[in-house]
Amino acid sequence: MHYVPRILVTGGAGFIGSFLCERLLETGAEVLCVDNFFTGRRTNVAHLLDNPKFEVMRHDVTFPLFVEVDQIYNLACPASPIHYQFDPVQTTKTSVHGAINMLGLAKRTRARILQASTSEVYGDPVIHPQTEDYWGNVNPIGPRSCYDEGKRCAETLFFDYHRQHKVEIKVARIFNTYGPRMHPNDGRVVSNFIVQALKGEDITLYGDGNQTRSFCYVSDLVTGLVSLMGTGPEFTGPVNIGNPGEFTIRQLAERVIDLTGSKSKLVHRPLPQDDPRQRQPDITLARDRLGWEPTVRLDDGLKPTIAYFEEEIRVMG
């Protein structure tokens, strides 16, 4: 009889989670998508509901979950500043209590568990590009701390469960990711610029626009996560998953204007507190251990993303 793995994806109706659910179903797995729909959207997974191997459960990971699974991808957490600063206490709870609850589930079911951590654990980095052995430069009491420190604490818990309870863990540090199904109002730079350009509004650059970001298309990211989950038990990570191609925010704005044919103008605003000047992953470890590197060029990823937002704006009127 063919073995079918049962896989839990927390935050499965979110932007990245929905693509991950899709990819796992393509491999023949049974997928349980858990989401409290704070930032996740039913429309992201509506097309999967007819698949008999797919199930959606409304649940908040800050409460324990009792299910039988073989693998857990823990993606549950609002990930954009607008959403995670809306209720910062709940954001920290989601990262910390959510990690404790999912690790407890992994311990009980002997499931392998992957934590979707973040490049934000590096804070405003003083080394560039960032390697996994860098401990970060994080403000513990600033407006972004609920997310940064919540994710750092989750990593601590993962490694302590691994050392103390022999839970099989994987930790991925995700860098800026973009693509269709991003939330139109998530305040992230790619969605902001595309929505502003499509509406013909001024495009907002914070500071001089020379701060850099690296943009990874969602399909590349999902491949990296699945590759990491597939490594042997001795490899825990953390491992950077992101695109090392570095662009200034101004360059991104110019590409978006070009690809949308927009008449939008660039305007400058002050830089938000604790906003990192540079963010670029060193992906040497991912290349060596996962055989992974991104393949989608920025322009090739922006086109379907723009098409998605065009439809969203049309529907929302």
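To be clear, the structure that these remarks concern was listed above.
These numbers were taken from a predicted model, which means no experiment stands behind them. (Residues numbered from 1 in each chain as written. Predicted model: local features only at pLDDT ≥ 70, side-chain atom pairs only at ≥ 80, totals over all residues. Heavy atoms only, no water.)

Undergrad: Teacher, can you tell me more about the packing of helix H6 (residues 189-198) against helix H10 (residues 298-316) here?
TA: Each pair of packed helices can be summarised by the angle the axes make with each other and by the distance between the axes. Their axes nearest at 10 Å, the elements H6 and H10 cross at an angle of 60°. Considering the angle they form, H6 stands oblique to H10. Along this stretch, H6 crosses H10, giving a crossing that reads as right-handed. Each of Val190, Ser191, Ile194, Val195 and Leu198 in H6 lies in contact with H10, whose residues at this interface are Leu302, Thr305, Ile306, Phe309, Glu310 and Ile313. Of the residues assigned to the contact of H6 with H10, the class counts are eight nonpolar, two polar and one charged. (Axes fitted to C-alpha atoms, helices over the stretch in contact; angles between N-to-C directions. Helix = DSSP H or I, 4+ residues; strand = E, 2+ residues; numbered from the N terminus. Parallel < 35°, antiparallel > 145°, perpendicular 65-115°, else oblique. Left-handed = near helix turned anticlockwise from the far one by under 90°. Contact = heavy atoms within 4.5 Å. Nonpolar A, V, L, I, M, F, W, Y, C, P; charged D, E, K, R; others polar.)

Undergrad: Please clarify how the packing of aromatic side chains should be interpreted in this entry.
TA: Two descriptors summarise a pair of aromatic rings, namely the distance from one centre to the other and the angle between the planes of the rings. Throughout the structure, instances matching the rule amount to six aromatic pairs. Judged by centre distance (6.0 Å) and plane angle (20°), the rings of tyrosine 122 and tyrosine 134 are stacked. In this pair, tyrosine 122 is assigned in the loop between strand E5 (112-118) and helix H5 (145-165) and tyrosine 134 in the loop between E5 and H5, connecting sequence segments 12 residues apart. For the pair tyrosine 122 and tyrosine 134, a shared accessibility class is recorded, and that class is buried. Note that arginine 42 overlies the ring of phenylalanine 37, its terminal NZ or CZ placed 4.2 Å from the centroid. (Phe/Tyr/Trp six-rings, centres within 6.5 Å; stacked < 30°, edge-to-face > 60°. Buried < 20%, exposed > 50% of the residue type's maximum accessible area, 1.4 Å probe, protein only. Lys NZ or Arg CZ within 6 Å of the ring centre and 35° of its normal.)

Undergrad: Can you walk me through the nonpolar core in this structure?
TA: Among the nonpolar cores identified, the biggest contains 61 residues, and Tyr73, Val190, Phe193, Leu252 and Leu302 are the most heavily contacted of them. In terms of residue count, helix H1 (residues 15-26) provides more of this core than any other element does, seven residues in total. The contact partners of leucine 252, leaving out residues within four places of it in the chain, are Val189, Val190, Phe193, Phe215, Leu298 and Leu302. With 25 residues, the next largest nonpolar core counts Ile72, Met102, Leu157 and Tyr161 among its residues. (Core = buried A, V, L, I, M, F, W, Y, C linked by side-chain atoms within 4.5 Å.)

Undergrad: How should I be thinking about the pattern of salt bridges in this particular structure?
TA: Should the charged atoms of two oppositely charged side chains come close, the side chains can pair. For the structure on display, the rule yields 17 salt bridges. Here the residues in one salt-bridge network are Glu120, Arg144 and Arg279, joined through shared partners. (Salt bridge = Lys/Arg side-chain N within 4 Å of Asp/Glu carboxyl O.)

Undergrad: I'm lost on the packing of helix H4 (residues 88-109) against H5 in this one. Help?
TA: Look at H4 against H5: their axes get within 8 Å of each other, and the N-to-C directions meet at 15°. What the angle tells us is that H4 and H5 run roughly parallel. When you trace H4 past H5, the crossing you get is right-handed. Along its contact with H4, which presents Pro88, Thr91, Thr92, Ser95, Val96, Ala99, Ile100, Leu103, Gly104 and Lys107, the element H5 presents Cys146, Tyr147, Gly150, Lys151, Cys153, Ala154, Leu157, Phe158, Tyr161 and His165.

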